[in-house]
Amino acid sequence: MEERLYDLIFICRPATPEEDITKIVATLEHSAVEHGGKVEKTEKWGTRRLAYRVSKHREGFFVYMVLRSAQSDIIKELERRLKVSDAVIKYQTVRLDEDLKRQQKLVKHRERRASRRPRKPSATPAPQPQQQVPPPAEQPAVS
Amino acid sequence: MADEPIKASAETPAATPAPSAPRSEGTHSGGAHRSEGHSGGGAPRREGGYGGGGGGQRREGGGPGGPGGGGPGGPRRGGKRQYFRKKKVCRFCVERVDFIDYKKVEMLQPFVQERGKILPRRMTGTCSRHQRWLGEAIKRARNIALLPFATEL
């Protein structure tokens, strides 16, 4: 199966000590590797204001992870772990590889077009002035 | 075959207002009242942020009648319309955005109302493709409490 890219964000209670968060991250990374996945990036965004109340909290500690895996079981397992842990109040996993593929396609498409376009304008402007200059000279001669 | 008579009938009512316009000019008081009523109905809509092209064209059609009935109302409307006609360009197309990241809240915020509503395309000028991506990104951001569903106080 093709490898998939996931974004995983989870929010911990603001009162959670830093060590507990690192512990959660470590267990997640460990279980991700166990299930044949790979953690590409882990970012701690720190305490941020939540846009709305989540289990009576107005703030939360955000942790952002990027995962790569060929098996979807990994998400099931990680989400189960997040669900179980008390410190985590919210989590979200988003599959991103399809969006990125689309993005790459568009970039490629644009590059191809860009590589075509400059040649044409650069080729056309050069002859155009030459063509344009003679007609005015001819017209007065005719009239 | 059946369409033709309908079309003809549809055209005739549209044509009748034009002949009626001179009449309203003759009776000054009646014409002025009518034009005031029109402007009263149109102005709040525009204030509400309605920038549809169709609406503008309709008002333009009413424009020629306006100067006859109410002189001051006509020019004002025309002036406003010019501002609202400003061509909106998709911001994402200009910046060549291929992927709208739901994590960049600052990027999404201009496209969300204070209460958390997604702004319609007619307000922001976003192209259909980018509006689709934008909606998806905003919904993702909402899910993870980066953006509000609705601000509660």
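Located above this text is the structure these notes cover.
Model, not experiment: these values are computed from the prediction.

Student: Explain the overall build of chain B residue by residue, including any values.
Tutor: A count of helical and extended segments in chain B gives 10 helices and zero strands. Tracing chain B from N to C terminus, the helices and strands come up as α-α-α-α-α-α-α-α-α-α. For chain B, contacts bridging at least 24 residues in sequence account for 61% of all contacts bridging at least 6.

Student: Report on the overall build of chain A, specifying residues and quantitative values.
Tutor: Regarding its fold elements, chain A presents six helices and four strands. Taken from the N to the C terminus, the helices and strands of chain A come in the order β-α-β-β-α-β-α-α-α-α. Among the 143 residues that make up chain A, the fraction classed as buried is 31%. Partitioning the intrachain contacts of chain A with sequence separation of at least 6 by distance along the chain shows that 73% fall at a separation of at least 24. Summed over its atoms, the accessible surface of chain A is roughly 9400 Å², and 51% of this surface lies on carbon and sulfur atoms.

Student: Before we move on, could you go through the pattern of salt bridges and cite the residues and values that matter?
Tutor: Residue and element names in this part refer to chain A. For the structure on display, the rule yields 13 salt bridges over all chains. Two residues, arginine 81 and glutamate 77, come together in a salt bridge whose shortest N-O distance is 3.0 Å. In this pair, arginine 81 and glutamate 77 are both assigned in helix α2 (residues 73-84), four residues apart and thus about one turn of the helix distant. With a relative accessible area of 33%, arginine 81 lands in the partly exposed category. Among the residues examined, glutamate 77 registers a relative accessible area of 15% and is labelled buried. In this structure, glutamate 98 engages arginine 95 in a salt bridge whose closest nitrogen and oxygen atoms are separated by 3.6 Å. Among the charged side chains, a salt-bridge network with shared partners connects Glu3, Glu40 and Arg68.

Student: How would you sum up unusual backbone geometry? Please name residues and give values.
Tutor: Look at Lys56(A): it is not a glycine, yet its phi comes out positive at around 70°. By secondary structure assignment, the location of Lys56(A) is in the loop between β2 (37-54) and β3 (57-69). Positive phi, normally seen in glycine, also occurs at Ala145(B), with a value near 65°. As for its position among the elements, Ala145(B) is in the segment after α10 (128-143).

Cut-offs and rules
Residues numbered from 1 in each chain as written. Chains lettered and ligands numbered in written order. Predicted model: local features only at pLDDT ≥ 70, side-chain atom pairs only at ≥ 80, totals over all residues. Heavy atoms only, no water. Helix = DSSP H or I, 4+ residues; strand = E, 2+ residues; numbered from the N terminus. Contact = heavy atoms within 4.5 Å. Buried < 20%, exposed > 50% of the residue type's maximum accessible area, 1.4 Å probe, protein only. Areas by Shrake-Rupley, 256 points an atom, 1.4 Å probe, with all protein chains shown as cover. Salt bridge = Lys/Arg side-chain N within 4 Å of Asp/Glu carboxyl O.

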